[in-house]
Amino acid sequence: MISENYKMKKTLSAKTILRRKGEAAKPTRLAGIFPAASFLFLVTTSFAQTSIILQADNGKEKINKNIYGHFAEHLGHCIYGGFYVGDTSLIPNSNGVRNDIIEALKKLKIPTLRWPGGCFADTYHWKDGIGPKNKRPVIVNRWWGGVTEDNSFGTHDFLDLCEKIGAEPYLAANVGSGTVQELEDWVQYVNFDGTSPMSKLRKENGREKPWNVKMWGVGNEAWGCGGNMKPEHYADVYRQYATFMTDWTNSDHLFRVASGANVDDYHWTEVMMRDIPRNMLEGVALHHYSFVEWNNKGSATDFTEQQYFATMKTAWRMNELVTRHSTIMDRYDPEKRTALVVDEWGGWYNVEPGTNPGFLYQQNTMRDAMIAGVTLNIFNNHCDRVRAANLAQTVNVLQAVILTNKEKMILTPTYHVMEMYNVHQDATLIPLTIAGSDYILGDQKLPAISASASKDKNGAVHVSLVNIDAGKSQDVTIDIRGAKYTAISGRILASAKLQDYNSFDTPDKIKPAPFKNFKKTDSQVSVTLPPFSVVVLELK
Ligand code: AHR
């Protein structure tokens, strides 16, 4: 994506932000149809029918909670001015990290956090970010805006933050411009409990016990900003770097992730699986973003239904991508020892007017809620192979779950979807089949309904449903085979317009509400899903 990033940066300044083209379809108010929702809901009057069969007694795969991971890069105001305000800030903080963000991420049950990049990772020298803050070198962030940063947020700050929010750290190592020694030292610095040069240095810097970091990315986008390598060359580089990584404890092995394919570069995955031995490769990455057109992304908030449809088409494409990359992996690894790690995904639009084009700051609408709902259902349904993923990015960058403005902080619709879906973390996937209607626009169509289901350790079943249709409600019947449930409850995320978002003035415009628009018989549940809505049901 490197050359395309450059192209994007060049075209951005010349780009005219799309102006609103008027309402797509005139909505009709159906007063009282969703009595539990606290908002006035606007929908069209047409309905369509979908049927889902849940095999409630048939689940065997676990949905790894790490599918619900996040990504925080040194990019724009994700770290500096986002997570990290410094310990002299008037904004309440713990060692410089905003307390409101810590609380929001705890509530989200964020399982993993990837850092420090992205493209930034292959320029990052971790020793610049340890020791007394006033002695750390100032560096230029060459990928993202060419701004300088003072390295005041480094390894200790990140790993301590992960401890505070209860997330497992996922460190992305510098392979593009770093050395094998540098990476070996980093592993020893954060993981070694005995006496060694690096553990001594760690202790001198105030941390007695190691953090035991398990997840490591061995470079990032090696085909692009990570070094423009060919897959055959990178596979050899990976083998070399991975050889010198050890967990230094002999108890629990590292989870090493090879830099993976750009979207549909199936040859890349083929070479990783063919040329890297299974016992050196715990994960292979995949990056895929959703957008209108890569070279004409359009506004995050001011978009037409055509642009919405195009974005959802790229979001749905994730299903094809994980299926086809998994099929290649299956040939080399039928036992599924190596995970597919989608460590960058999300919606990508033009930056908000007036903001730095290199900072990738964008608002987050109901369109993003649709991307999140559909994508997470895809990951759940492929949990046999997709065992980790990271939304790009956590704060103030791309499809963020949190936006900040000085002392203010808001939760985006994407945050709410991820919070509603966190019931699936570490639950057992319940296989389902869907037969339903399409979302049709002109001569194009997409599946209107996306769904996944799981059973948690207490036996409760959760079904997450998304209706991406911009105009039609969907009647959905869910046949439950192999089990009986007596109680049902639900939550819905919906809003009057697709373009709606939470702003710093109206932070709670979009938030989950109780959902009661269902009927239940012995073995069947019927629900009506409003246009562009996400519903999570609980059956007990
Ligand atoms: O998430 C933004 C950028 O997108 C990352 O730095 C890079 O890995 C990808 O191209």
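Predicted model, so just to flag it, every value in this text is computed and none were measured. (Residues numbered from 1 in each chain as written. Predicted model: local features only at pLDDT ≥ 70, side-chain atom pairs only at ≥ 80, totals over all residues. Heavy atoms only, no water.)

Caption draft 1: Representation of the sheet that holds strand β4 (residues 69-71) within the structure. Read around the barrel, 8 strands follow the order β4-β7-β10-β11-β12-β13-β14-β15 and close on themselves; strand pairing throughout is parallel. Strand-to-strand twist of the sheet, defined as the mean angle between neighbouring strand axes without regard to direction, takes the value 30 degrees. In terms of strand pairing, β4 meets strand β7 (residues 112-115) through 2 bridges, oriented parallel. In the strand pairing of β7, histidine 70 is matched with leucine 113. (Pairing = 2+ DSSP bridges. Helix = DSSP H or I, 4+ residues; strand = E, 2+ residues; numbered from the N terminus. Axes fitted to C-alpha atoms, helices over the stretch in contact; angles between N-to-C directions.)

Caption draft 2: Local environment of unusual backbone geometry. Tryptophan 115 connects to proline 116 through a cis peptide bond whose omega is 5 degrees. Locating proline 116 in the fold gives a position in the loop between β7 and β8 (139-140). For the peptide bond that leads from alanine 392 to glutamine 393, omega is -10 degrees, which places it in the cis range. Inspection of the secondary structure assignment puts glutamine 393 in the loop between β15 (386-392) and β16 (402-405). Even without a glycine there, the phi angle at asparagine 228 is positive, about 50 degrees. Mapped onto the elements, asparagine 228 comes out in the loop between β11 (215-218) and α6 (231-243). With a relative accessible area of 53%, asparagine 228 lands in the exposed category. Even without being glycine, aspartate 426 reaches a positive phi, approximately 65 degrees. Residue placement: aspartate 426 occurs in the loop between α10 (413-421) and β18 (428-430). (Buried < 20%, exposed > 50% of the residue type's maximum accessible area, 1.4 Å probe, protein only.)

Caption draft 3: The packing of helix α2 (residues 99-108) against α10, seen in detail. One way to put it is that α2 packs onto α10 with a least axis distance of 9 Å and a crossing angle of 40 degrees. Between α2 and α10, the angle is such that the two are oblique. Contact with α2, carried on its side by Ala104, Lys107 and Leu108, involves Tyr415, Met418 and Glu419 of α10 and no other residues of that element. (Parallel < 35°, antiparallel > 145°, perpendicular 65-115°, else oblique. Contact = heavy atoms within 4.5 Å.)

Caption draft 4: Here's a closer look at the site of the ligand. In the vicinity of the ligand, 14 residues are found, and the nearest of them are Glu73, Cys119, Glu221, Tyr289 and Glu344. A distance of 2.8 Å separates an oxygen atom of the ligand from a polar side-chain atom of tyrosine 289. In the model, an oxygen atom of the ligand is placed 3.1 Å from a nitrogen or oxygen of the glutamine 393 side chain. Look at the ligand: alone it shows 290 Å² of surface, and the protein chains cover 100% of it. (Near = heavy atom within 4 Å. Polar contact = N/O pair within 3.5 Å; in protein donor to acceptor, adjacent residues only side chain to side chain. Areas by Shrake-Rupley, 256 points an atom, 1.4 Å probe, with all protein chains shown as cover.)

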